Each structure stands twice: as structure tokens, then as C-alpha cells.
2 protein chains.
Amino acid sequence: MPGRARDADATRDDLLAAARRRFAAEGYERTTIRAVAGDVGVDAALVIRYFGSKEGLFTRAADLDLQLPDLTGVRAGELAKVLVDRFFAVWEDDDRFLALLRAAATSEVAAEAMRTVFATQVAPALAAVTDDRAPERAALVGATVLGFALGRYVLRVPPLVDMTRDQAQAWLGPALRHYLLD
Amino acid sequence: MPGRARDADATRDDLLAAARRRFAAEGYERTTIRAVAGDVGVDAALVIRYFGSKEGLFTRAADLDLQLPDLTGVRAGELAKVLVDRFFAVWEDDDRFLALLRAAATSEVAAEAMRTVFATQVAPALAAVTDDRAPERAALVGATVLGFALGRYVLRVPPLVDMTRDQAQAWLGPALRHYLLD
DNA sequence: GCCAGCTGTCAACAGTCGATGACATAGGCT
DNA sequence: AGCCTATGTCATCGACTGTTGACAGCTGGC
């Protein structure tokens, strides 16, 4: 019980949290297993034992659950607000999203993971409010929020960084509404 | 004159072209100087002699000139078409943009270069057609096209990949118009 | 014809990385 | 208490990286 108890599950969780921070801040290639292990105060070999490989660690660290609500019956005027709220929550509560976004630019595995998020989470949720061309609409909504997140969290373009959640909602709302309903 | 003439300028150009292809396809970290040199059939040390370092090579390879036209007096209905046309040209005529986009996700140098493109090319061009909140509007237009490019060329989201230039224009047009004029 | 300098090569270094397998230690169960 | 397994460490391997300095060969000007 003194200091670190020998609790494999807790160590695994710590490693995943550290991996998320590193992947989100530095991308896939610049993140080293040694650094992640060091953050937790553990040997790098343990990471390999627990997750098999660096790719295995990433896959486990960056699995993303958007938890999009059921949009059936949501009024058109409320749609964008609900979506933007949810995306902001995903972006800022956890490092998973940023880890996935940064890595997706250079890793085919991560890009595939991102496509899967689109296909299994975004598209089905939006299908409830669009009657035609659902895949295109979902892709355009995704591109919109990805572009915003890229500019705000990765490129750090000043006007996007300084924007409040409400301002972002006011700007993105009509665009999302257009992609979903026009 | 047989085979490769000993022409330093031509070799430099070949190296830059090869570097653009590699950076665009694999990102900054996965691109090795040895591979770029190998593509041209030259020793890796020569790359260092010509460009100083890997970062120097990247900077020279990924300098981007959008050549945005003067938008003064362009009718509101034509604005989006002009912009989308120009961006498609930049995306598909050269690998510079993709190299910069991919690298910007993991390299602070590349992110800074991207911010500079925003500040010195996009924002001034758009300032001609917006009267207030020009920086925000420019940033949102940038985020829109970046998000689209990310989905289409990097993540390869099927609906975006399959979209024709005209379809993209039809979808993006109203969104850009909103960001610029509303 | 020959030398000087531009163009390019070669070998190597110093560091880092992911991954492996042998080894140590702690702690619960009997 | 004593053992057995889960947990974690250590040393090391082999490959690859950016970068450097010494060297080689071609070519144009005197």
C-alpha cells in the first residue's frame, strides 16, 4: 500500500492516460514508449507487455466514443446547438479526440479509426434527421467540425482559439444546418 | 551530358519535388532524407549540403503561394465559386499543400507556416469583401476548406473523395457565403 | 593540358527507437 | 512460514535517423 500499490489495472489506466496526453500533444511518431512509461514512473518494457506494441497502445488510447444523443424529433433550430455542444465536450474533456486527429494525419491506422468513427457514430446519428444523401451530409458535418478543431487545437489560429463556445455555435450553426437540411 | 548532367540547380529542383511527394504522402517524421535522396538517385549528404537540415528542406519544399485573386467587386454569388476553384487548383496541381497540411499536425514549424499563410494570404484577400470581423471570417473560411481537404485527401472519407468539383462547390458555397457575409 | 572549384560520394558517428527475454520482487493463498 | 504467480525491472539487440567531415571526379577557364 505504500506509494504505488502493485495494481496492474491502475497502472494500465495510468499508461493509457499518459499515452493520450503524449499522442495528443506530439502526434504518433514523436510519442515514444519510453516517455509514456516515464510519465507513469514505470519501465518501457511494461508497456509492451500490456499493450503488445506501440500501435496496440495507440489503438487502446484513442478509441473514441462521441456519445451522440438520439436526434430524432430535435427541432431544426436546436440541431446545431446540440451537435456543437457535444463536440466541444468530446474535444475538451479528454485527449482521445486530439490524439486521434493528430495521428490521423500521418498514420493510416489512425485515419482508418477516424473513418470508422464517421461511419459508425456520426453518420447513423445524423441519419435520423436527414432524409436524403445522408452519407454526404454526415461527411460534410464531420469535415466542418474537424476543420474547426484542427484550426483551434492543432494549428492554433488565433481567432479560432479565442472564440467562446457560444460564438463558435453562432458561426457554425447555420453552416451545419445548411449541410444537414438544405 | 550523358544521363544526369552535373547541374546543381536541376538536382535541387528534383530534390524539392521528391521531398514534396514524400512529405505529402507520409508526413514529416516518416519522411527520411535518405528516401528523398534515393528517389532522385543521389546521396543523402547532398541534401544536407543544399538545404542545411531536414527542417530546411521542408521549409523550402512546403512554401505555399495560394495566388488568390483580387476579390474586390466580385459579386456575392460568384465569391464561393472563385474561392473553391482556386483552392482545388492549389490542392491538386502540386503536393505543397498536402505536405504542409500533413506536417502541420505534428510539427510546430509547419503549423506556424500554416498560420502565416492564413495571415498573409487568406485574411488580406478576404478583407476586400468583408467589412467587419475580417480575422474571424477568414479563419472560418480557412477552417472550412482545411476540413474539407483533410477529409478528402488525408482521411479519405468516401463521400468527400467521390465528390466532383461542382458538387463540392454546391455544398461549400453557401457555407462560405455565410462565413463571409452574414 | 592542367589546375581550381563545383558536384557528388563514402564511411561513420552518436543518438534514439521499438521490442525481447531473462531476471527480480511483492503479496495473497494455503 | 513458504511458495507461486502477478507485477515490474534490467540489459541489450538490431535497425534506423540526421548530420558531419574527408574524399573523389568531372568540367570549365587559363
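Residues numbered from 1 in each chain as written. Chains lettered and ligands numbered in written order. Predicted model: local features only at pLDDT ≥ 70, side-chain atom pairs only at ≥ 80, totals over all residues. Heavy atoms only, no water.

### Some details on the confidence of the model for chain A
The predicted model of chain A averages 93 in pLDDT, with 97% of residues at 70 or higher. Looking at the elements of chain A, mean pLDDT is at its lowest for helix α5 (residues 76–93) of chain A, recorded as 92, and at its highest for helix α2 (residues 33–40) of chain A, recorded as 98. (pLDDT = per-residue confidence, 0-100. Helix = DSSP H or I, 4+ residues; strand = E, 2+ residues; numbered from the N terminus.)

### Examining the environment of B:Leu83
Residues and elements named next belong to chain B. Tracing the backbone shows Leu83 in helix α5 (residues 76–93). Judged by its relative accessible area of 3%, Leu83 is buried. Distance from Leu83 to Asp63, taken between C-alpha atoms, is 20 Å for residues 20 residues apart in sequence. Setting aside residues no more than four positions away along its own chain, Leu83 makes contact with Leu68, Leu71, Leu126 and Leu180. (Buried < 20%, exposed > 50% of the residue type's maximum accessible area, 1.4 Å probe, protein only. Contact = heavy atoms within 4.5 Å.)

### Quick word on the pattern of salt bridges
Residues and elements named next belong to chain B. Applying the stated criterion to the full structure yields 28 salt bridges over all chains. Among the ionic pairs, Arg165 bridges to Glu92, the shortest N-O distance being 3.3 Å. Within this pair, whereas Arg165 is found in helix α10 (residues 165–181), its partner Glu92 is found in helix α5, the two being separated by 73 residues in sequence. Taking the relative accessible area as the measure of exposure, Glu92 reaches 40% and is therefore partly exposed. (Salt bridge = Lys/Arg side-chain N within 4 Å of Asp/Glu carboxyl O.)

### So, the relation of the copies chain B and chain A
The two copies are related by a screw operation: chain B maps onto chain A through 180° of rotation and 0.0 Å of translation along the axis, at an RMSD of 0.1 Å. Each copy turns onto its partner about a two-fold axis. Measuring from the rotation axis to each C-alpha of chain B, the shortest distance belongs to B:Gly147, at 1.8 Å. When the interface residues of chain B are mapped onto chain A, 100% of them are again interface residues, pointing to one common binding face. (Least-squares fit on C-alpha atoms with pLDDT ≥ 70 in both.)

### Some words on the side chain of A:Gln121
Residue and element names in this part refer to chain A. Secondary-structure assignment places Gln121 in helix α7 (residues 108–127). Residue Gln121 is classed as buried on the basis of its relative accessible area, which comes to 17%. Engagement of the side chain of Gln121 in a polar contact is seen with the backbone oxygen of Leu64, the distance being 2.9 Å. Not counting chain neighbours up to four residues away, the residues in contact with Gln121 comprise Leu64, Asp65, Leu66, Gln67, Leu68 and Thr116. (Polar contact = N/O pair within 3.5 Å; in protein donor to acceptor, adjacent residues only side chain to side chain.)

### Section: the protein's contact with DNA strand C
Near DNA strand C there are 21 residues, and of these A:Arg34, A:Lys54, B:Asp43, B:Arg49 and B:Tyr50 occur at the shortest range. By atom count, sugar and phosphate contribute 56% of the portion of DNA strand C lying within 4 Å of the protein. One of the backbone nitrogen or oxygen atoms of A:Thr31 is found 3.4 Å away from a phosphate oxygen of DNA strand C. B:Arg34 is positioned with one of its side-chain polar atoms (N or O) 3.3 Å from a base nitrogen of DNA strand C. For the surface near DNA strand C, the elements supplying multiple residues, two or more each, are α2 and α3 (44–51) of chain A together with α1 (8–30) and α3 (44–51) of chain B. Looking at which element gives the most residues to the surface near DNA strand C, the answer is α3(B), with four residues. (Near = heavy atom within 4 Å.)

### Overview of the interface of chain B and chain A
Across the boundary between the two partners, chain B contributes 43 residues, which contact 43 residues of chain A. With both sides pooled, the region where chain B packs onto chain A buries about 3,400 Å², and carbon together with sulfur makes up 72% of that total. If you look at where chain B meets chain A, you find two salt bridges. B:Arg30 serves as the salt-bridge partner of A:Glu29, at 2.3 Å between the closest nitrogen and oxygen. Our enumeration of links across chain B and chain A arrives at ten residue pairs in polar contact (both at pLDDT 80 or more). Looking at the side of chain B that touches chain A, the elements that each hand over two or more residues are α1, α6 (96–104), α7 (108–127), α8 (134–154), α9 (158–162) and α10 of chain B. (Buried area = accessible area lost by both parts, 1.4 Å probe.)

### Here's the deal with the side chain of B:Arg102
Residue placement: B:Arg102 occurs in helix α6. At a separation of 2.3 Å, a polar atom in the side chain of B:Arg102 contacts the main-chain carbonyl oxygen of B:Ala24. If near-sequence neighbours (up to four positions away) are discounted, B:Arg102 is found in contact with A:Ala105, A:Thr106, B:Phe23, B:Ala24, B:Ala25, B:Glu26, B:Gly27, B:Tyr153 and B:Val154.

### Side note on α8(B)
An α-helix turns once per 3.6 residues; consequently, residues spaced three or four apart project the same way. All names here are of chain B. The end-to-end C-alpha distance of α8 is 28 Å, a good match for the 30 Å that 21 residues give at a rise of 1.5 Å each. With 18 of 21 residues buried, α8 is to be regarded as a mostly interior element. Looking one or two residues beyond α8, the residue adopting positive phi is Arg156, at roughly 55°. (Expected span 1.5 Å × (residues − 1).)

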